[in-house]
Amino acid sequence: MSITPDNTAVHPDVERVLVTEEELYARNKELGAAISADYAGKEVLVVGVLKGAAWFLSDLTRHMTCDFTVDYMAVSSYGAAHKSSGVVRILKDLEVPLEGKHVLIAEDILDTGLTLKYLIRNFLGRGAASVEVAACVVKEGAQEEKIDVRYVGFVLPNEFVVGYGLDYAQKYRGLPYIGVLRPCVYGE
(Lines give C-alpha, C1' and ligand atoms only; values in the text may rest on other atoms or scores of the structure.)
Protein backbone atom coordinates (compact mmCIF):
# COMPACT_ATOMS: atom_id res chain seq x y z
CA MET A 1 0.00 0.00 0.00
CA SER A 2 1.34 3.43 -0.92
CA ILE A 3 0.96 6.70 0.99
CA THR A 4 -0.07 10.16 -0.33
CA PRO A 5 2.05 13.26 0.43
CA ASP A 6 -0.30 14.05 3.34
CA ASN A 7 0.22 10.54 4.83
CA THR A 8 -3.08 9.03 3.68
CA ALA A 9 -2.99 5.34 2.79
CA VAL A 10 -3.92 4.73 -0.85
CA HIS A 11 -6.55 2.10 -1.63
CA PRO A 12 -5.08 -0.86 -3.55
CA ASP A 13 -7.62 -0.36 -6.38
CA VAL A 14 -6.29 3.17 -6.96
CA GLU A 15 -3.48 3.41 -9.49
CA ARG A 16 -2.34 6.88 -8.41
CA VAL A 17 -3.58 9.92 -6.49
CA LEU A 18 -4.29 13.05 -8.52
CA VAL A 19 -5.62 15.36 -5.77
CA THR A 20 -4.75 15.00 -2.09
CA GLU A 21 -6.99 15.75 0.87
CA GLU A 22 -4.96 18.88 1.62
CA GLU A 23 -5.34 20.13 -1.96
CA LEU A 24 -9.11 19.53 -1.81
CA TYR A 25 -9.39 21.56 1.40
CA ALA A 26 -7.32 24.45 0.03
CA ARG A 27 -9.22 24.63 -3.26
CA ASN A 28 -12.63 24.49 -1.55
CA LYS A 29 -11.55 27.38 0.65
CA GLU A 30 -10.59 29.42 -2.45
CA LEU A 31 -13.83 28.56 -4.26
CA GLY A 32 -15.93 29.35 -1.17
CA ALA A 33 -14.33 32.80 -0.96
CA ALA A 34 -14.90 33.48 -4.69
CA ILE A 35 -18.52 32.37 -4.52
CA SER A 36 -19.14 34.46 -1.39
CA ALA A 37 -17.72 37.55 -3.10
CA ASP A 38 -19.78 36.97 -6.26
CA TYR A 39 -23.03 36.44 -4.33
CA ALA A 40 -22.50 39.17 -1.71
CA GLY A 41 -25.86 40.74 -0.94
CA LYS A 42 -27.79 37.93 -2.65
CA GLU A 43 -29.13 34.63 -1.44
CA VAL A 44 -28.07 31.63 -3.43
CA LEU A 45 -29.68 28.20 -3.57
CA VAL A 46 -26.89 25.62 -3.70
CA VAL A 47 -28.15 22.48 -5.41
CA GLY A 48 -26.14 19.36 -4.73
CA VAL A 49 -26.32 16.68 -7.38
CA LEU A 50 -26.52 13.40 -5.47
CA LYS A 51 -24.85 11.27 -4.57
CA GLY A 52 -21.34 12.26 -5.55
CA ALA A 53 -21.51 16.01 -4.94
CA ALA A 54 -22.45 15.64 -1.26
CA TRP A 55 -18.78 15.65 -0.20
CA PHE A 56 -17.89 18.66 -2.36
CA LEU A 57 -21.03 20.62 -1.40
CA SER A 58 -20.48 20.03 2.30
CA ASP A 59 -16.86 21.15 2.26
CA LEU A 60 -17.47 24.03 -0.16
CA THR A 61 -20.34 25.56 1.81
CA ARG A 62 -18.28 25.51 5.02
CA HIS A 63 -16.18 28.19 3.35
CA MET A 64 -19.08 30.29 2.02
CA THR A 65 -20.00 33.42 3.94
CA CYS A 66 -22.84 34.64 1.68
CA ASP A 67 -26.48 33.80 2.43
CA PHE A 68 -27.37 30.40 1.03
CA THR A 69 -29.78 27.52 1.34
CA VAL A 70 -29.21 23.96 0.18
CA ASP A 71 -31.34 21.45 -1.68
CA TYR A 72 -30.50 18.21 -3.41
CA MET A 73 -31.40 16.59 -6.67
CA ALA A 74 -30.62 13.05 -7.78
CA VAL A 75 -30.19 12.40 -11.47
CA SER A 76 -28.65 9.53 -13.35
CA SER A 77 -27.01 9.08 -16.70
CA TYR A 78 -24.67 6.25 -15.71
CA GLY A 79 -26.50 3.52 -13.80
CA ALA A 80 -23.79 1.02 -12.78
CA ALA A 81 -21.74 1.65 -15.92
CA HIS A 82 -18.51 3.62 -16.13
CA LYS A 83 -19.62 5.65 -19.16
CA SER A 84 -22.67 7.90 -19.49
CA SER A 85 -25.68 6.48 -21.28
CA GLY A 86 -26.54 9.96 -22.55
CA VAL A 87 -30.06 9.76 -21.08
CA VAL A 88 -30.66 11.88 -17.97
CA ARG A 89 -33.31 10.69 -15.51
CA ILE A 90 -34.52 12.62 -12.44
CA LEU A 91 -34.51 10.25 -9.47
CA LYS A 92 -35.17 12.89 -6.77
CA ASP A 93 -36.39 16.37 -7.57
CA LEU A 94 -35.87 19.61 -5.65
CA GLU A 95 -38.14 20.45 -2.74
CA VAL A 96 -38.13 24.23 -3.27
CA PRO A 97 -39.42 26.29 -6.19
CA LEU A 98 -36.72 27.94 -8.31
CA GLU A 99 -38.60 30.99 -9.55
CA GLY A 100 -36.52 34.13 -9.04
CA LYS A 101 -33.70 32.29 -7.26
CA HIS A 102 -29.98 32.45 -7.95
CA VAL A 103 -28.96 28.80 -8.29
CA LEU A 104 -25.49 27.35 -7.92
CA ILE A 105 -25.25 23.73 -9.01
CA ALA A 106 -22.61 21.86 -7.00
CA GLU A 107 -21.45 18.94 -9.14
CA ASP A 108 -18.82 16.35 -8.37
CA ILE A 109 -17.59 15.93 -11.94
CA LEU A 110 -18.11 17.42 -15.37
CA ASP A 111 -17.62 14.51 -17.72
CA THR A 112 -19.71 14.54 -20.91
CA GLY A 113 -21.68 17.63 -19.86
CA LEU A 114 -25.02 16.04 -20.73
CA THR A 115 -26.32 16.04 -17.14
CA LEU A 116 -25.33 19.64 -16.46
CA LYS A 117 -26.75 20.88 -19.77
CA TYR A 118 -30.04 19.20 -18.86
CA LEU A 119 -30.07 20.66 -15.33
CA ILE A 120 -29.22 24.20 -16.46
CA ARG A 121 -31.97 24.16 -19.08
CA ASN A 122 -34.42 22.61 -16.59
CA PHE A 123 -33.67 25.18 -13.86
CA LEU A 124 -33.93 28.16 -16.23
CA GLY A 125 -37.21 26.71 -17.51
CA ARG A 126 -38.47 26.71 -13.92
CA GLY A 127 -37.80 30.45 -13.65
CA ALA A 128 -34.41 30.60 -11.90
CA ALA A 129 -32.97 34.14 -11.98
CA SER A 130 -29.52 32.73 -12.72
CA VAL A 131 -27.79 29.36 -12.84
CA GLU A 132 -24.06 28.87 -12.30
CA VAL A 133 -22.00 25.71 -11.85
CA ALA A 134 -19.33 24.77 -9.32
CA ALA A 135 -17.66 21.50 -10.33
CA CYS A 136 -15.11 19.80 -8.15
CA VAL A 137 -13.59 18.04 -11.18
CA VAL A 138 -13.66 18.86 -14.87
CA LYS A 139 -12.37 16.04 -17.06
CA GLU A 140 -10.08 17.43 -19.71
CA GLY A 141 -11.41 16.85 -23.22
CA ALA A 142 -14.35 14.64 -22.19
CA GLN A 143 -17.19 17.12 -22.80
CA GLU A 144 -19.68 16.42 -25.55
CA GLU A 145 -21.58 19.58 -24.58
CA LYS A 146 -20.07 23.02 -23.98
CA ILE A 147 -20.80 23.96 -20.38
CA ASP A 148 -19.70 27.23 -18.79
CA VAL A 149 -18.40 26.22 -15.37
CA ARG A 150 -17.81 29.37 -13.36
CA TYR A 151 -16.14 27.65 -10.40
CA VAL A 152 -13.73 24.80 -11.20
CA GLY A 153 -11.96 22.83 -8.52
CA PHE A 154 -9.56 20.78 -10.61
CA VAL A 155 -9.07 20.02 -14.30
CA LEU A 156 -7.97 16.39 -14.48
CA PRO A 157 -6.99 14.04 -17.29
CA ASN A 158 -9.77 12.06 -18.96
CA GLU A 159 -9.27 8.99 -16.79
CA PHE A 160 -11.63 7.07 -14.52
CA VAL A 161 -11.37 8.84 -11.16
CA VAL A 162 -12.79 7.89 -7.77
CA GLY A 163 -12.78 9.23 -4.23
CA TYR A 164 -14.18 12.32 -2.55
CA GLY A 165 -17.72 11.40 -3.62
CA LEU A 166 -16.75 9.98 -7.02
CA ASP A 167 -17.59 6.33 -7.35
CA TYR A 168 -17.58 3.21 -9.42
CA ALA A 169 -20.67 1.05 -8.79
CA GLN A 170 -21.27 2.95 -5.50
CA LYS A 171 -17.78 2.13 -4.16
CA TYR A 172 -14.79 4.36 -3.34
CA ARG A 173 -16.83 7.52 -2.55
CA GLY A 174 -15.38 7.79 0.96
CA LEU A 175 -11.75 7.99 -0.09
CA PRO A 176 -10.40 11.34 1.16
CA TYR A 177 -8.53 12.03 -2.09
CA ILE A 178 -9.22 11.77 -5.83
CA GLY A 179 -7.35 9.04 -7.62
CA VAL A 180 -7.32 7.04 -10.84
CA LEU A 181 -9.09 3.69 -10.57
CA ARG A 182 -7.11 0.76 -11.93
CA PRO A 183 -8.66 -0.29 -15.29
CA CYS A 184 -8.74 -3.95 -14.23
CA VAL A 185 -11.34 -3.02 -11.60
CA TYR A 186 -13.92 -1.84 -14.15
CA GLY A 187 -13.07 -4.26 -16.92
CA GLU A 188 -10.86 -2.36 -19.36
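Above this note sits the structure.
Residues numbered from 1 in each chain as written. Predicted model: local features only at pLDDT ≥ 70, side-chain atom pairs only at ≥ 80, totals over all residues. Heavy atoms only, no water.

1. What to know about the packing of helix H1 (residues 21–38) against helix H2 (residues 53–61)
When two helices pack together, their arrangement is given by the angle between the helix axes and by the axis-to-axis distance. Axis separation between H1 and H2 bottoms out at 8 Å; the angle between their running directions is 65°. As H1 runs across H2, the sense of the crossing is right-handed. Counted together, Asn28, Leu31, Gly32 and Ile35 of H1 and Phe56, Asp59 and Leu60 of H2 form the full contact between these two elements. Grouping the constituent residues of the contact of H1 with H2 by class yields four nonpolar, two polar and one charged. (Axes fitted to C-alpha atoms, helices over the stretch in contact; angles between N-to-C directions. Helix = DSSP H or I, 4+ residues; strand = E, 2+ residues; numbered from the N terminus. Left-handed = near helix turned anticlockwise from the far one by under 90°. Contact = heavy atoms within 4.5 Å. Nonpolar A, V, L, I, M, F, W, Y, C, P; charged D, E, K, R; others polar.)

2. Description of the pattern of salt bridges
Under the criterion given, the structure shown has 10 salt bridges. Note that Glu95 is salt-bridged to Lys92, the shortest N-O span being 3.7 Å. Glu95 sits in the exposed class, given a relative accessible area of 67%. Note that Arg150 is salt-bridged to Glu132, the shortest N-O span being 3.5 Å. Placement of the pair is Arg150 in the loop between strand E6 (130–139) and strand E7 (151–156) and Glu132 in strand E6, with a sequence separation of 18 residues. Each of Glu15, Arg16 and Glu159 takes part in salt bridges that share partners, so that together they form one network. (Salt bridge = Lys/Arg side-chain N within 4 Å of Asp/Glu carboxyl O. Buried < 20%, exposed > 50% of the residue type's maximum accessible area, 1.4 Å probe, protein only.)

3. Here we look at H1
Relative to the 26 Å expected for 18 residues at 1.5 Å per residue, H1 spans 26 Å between its end C-alpha atoms, a close match to the ideal helical length. Buried residues of H1: Leu24, Asn28, Leu31, Gly32, Ile35 and Ser36, and no others. For H1, the arc enclosing every buried residue in end-on projection is 135°, short of the 170-degree limit, so these residues lie on one face. In H1, the exposed positions that point more than 90 degrees away from the buried face belong to Glu22 and Ala37. Buried residues along H1 sit against strand E1 (14–19), H2, strand E5 (102–110), E6, E7 and strand E9 (178–181). (Expected span 1.5 Å × (residues − 1). Arc of directions from axis to C-beta.)

4. With respect to the sheet that holds E9
Strand pairs in the sheet, formed through backbone hydrogen bonds, run parallel or antiparallel to each other. A sheet is described by the order of its strands in space; here three strands give the open sequence E1-E9-E8, paired in antiparallel fashion. With one partner strand each, in any of the chains shown, E1 and strand E8 (161–162) form the two edges of the open sheet. Taken together, the four bridges between E1 and E9 define a ladder with antiparallel strand orientation. Looking at E9, one finds that Val14 is bridged to Leu181. (Pairing = 2+ DSSP bridges.)

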